[in-house]
Amino acid sequence: MAHYAKVVNGIVEKVIVAEAEFFDTFVDDSPGQWIQTSYNTRGGAHILGGTPLRKNFAGPGMIYDSVKDAFYSPQPYASWKLNNTTCFWEPPVAYPSDGKNYGWDESSTSWKESTQP
């Protein structure tokens, strides 16, 4: 069994599990296309050591970029840049490594310590 994402205008609408042969007889008159995605692919790597497929496992609301042949989440903040190797969004400043909890503050483009656990 494999996973397939229904993509309409570059946005994933849903993901299903099906055999490849399912699409031999499946009739889908709705707009968009079905694109295979791998449950075990994260950040351009296959977590079980296999061959990665389309950078990341697709999910509803994610973007499918046909030029990159990759699935990735919508940009979380205007200052974050897409890593073309992993197709993960990266902040302009690395997350602090002091063990405290932080949240991103876009107005200052920096991490602010969170007061909530």
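Presented here is an overview of the structure given in this document. (Residues numbered from 1 in each chain as written. Predicted model: local features only at pLDDT ≥ 70, side-chain atom pairs only at ≥ 80, totals over all residues. Heavy atoms only, no water.)

## Focus on the pairing of strand β1 (residues 2–8)
Then, number 1: Along β1, six of the seven residues are buried, which leaves the element largely enclosed by surrounding structure.
Then, number 2: Sheet analysis places β1 next to strand β2 (residues 11–18), joined by seven bridges and oriented antiparallel. For His-3, the partnering residue across the bridge sits in β2 and is Val-17.
Then, number 3: With antiparallel pairing between neighbouring strands as the criterion, β1 and β2 make up a hairpin whose turn holds two residues, including Asn-9 at a positive phi of roughly 55°.
Then, number 4: Relative to strand β3 (residues 33–37), β1 runs antiparallel, the two sharing five bridges. Bridge assignment links Tyr-4 to a residue of β3, and that residue is Gln-36. (Buried < 20%, exposed > 50% of the residue type's maximum accessible area, 1.4 Å probe, protein only. Helix = DSSP H or I, 4+ residues; strand = E, 2+ residues; numbered from the N terminus. Pairing = 2+ DSSP bridges.)

## Focus: the packing of aromatic side chains
Then, number 1: Scanning the entire structure with this criterion turns up 16 aromatic pairs.
Then, number 2: Taking 5.6 Å as the distance between ring centres and 85° as the angle between the ring planes, the aromatic pair formed by Trp-80 and Trp-104 counts as edge-to-face. Of this pair, Trp-80 sits in the loop between β7 (70–72) and β8 (81–82) while Trp-104 sits in strand β10 (residues 102–105), and the two are 24 residues apart along the sequence. Across the pair, exposure class does not vary: Trp-80 and Trp-104 are buried alike.
Then, number 3: Among the aromatic residues, ring-to-ring pairing joins Tyr-77, Trp-80, Tyr-95, Tyr-102, Trp-104 and Trp-111 into one connected group.
Then, number 4: One residue, Arg-42, lies across the ring of Tyr-39, its end atom 5.4 Å from the ring centre. (Phe/Tyr/Trp six-rings, centres within 6.5 Å; stacked < 30°, edge-to-face > 60°. Lys NZ or Arg CZ within 6 Å of the ring centre and 35° of its normal.)

## Focus on the environment of Ala-20
Then, number 1: Along the polypeptide, Ala-20 turns up in the loop between β2 and α1 (22–25).
Then, number 2: Of the residues examined, Ala-20 reaches a relative accessible area of 44% and is grouped as partly exposed.
Then, number 3: Distance in space between the C-alpha atoms of Ala-20 and His-3 is 9.2 Å, their sequence separation being 17 residues.

This is a description of form; function is not addressed.
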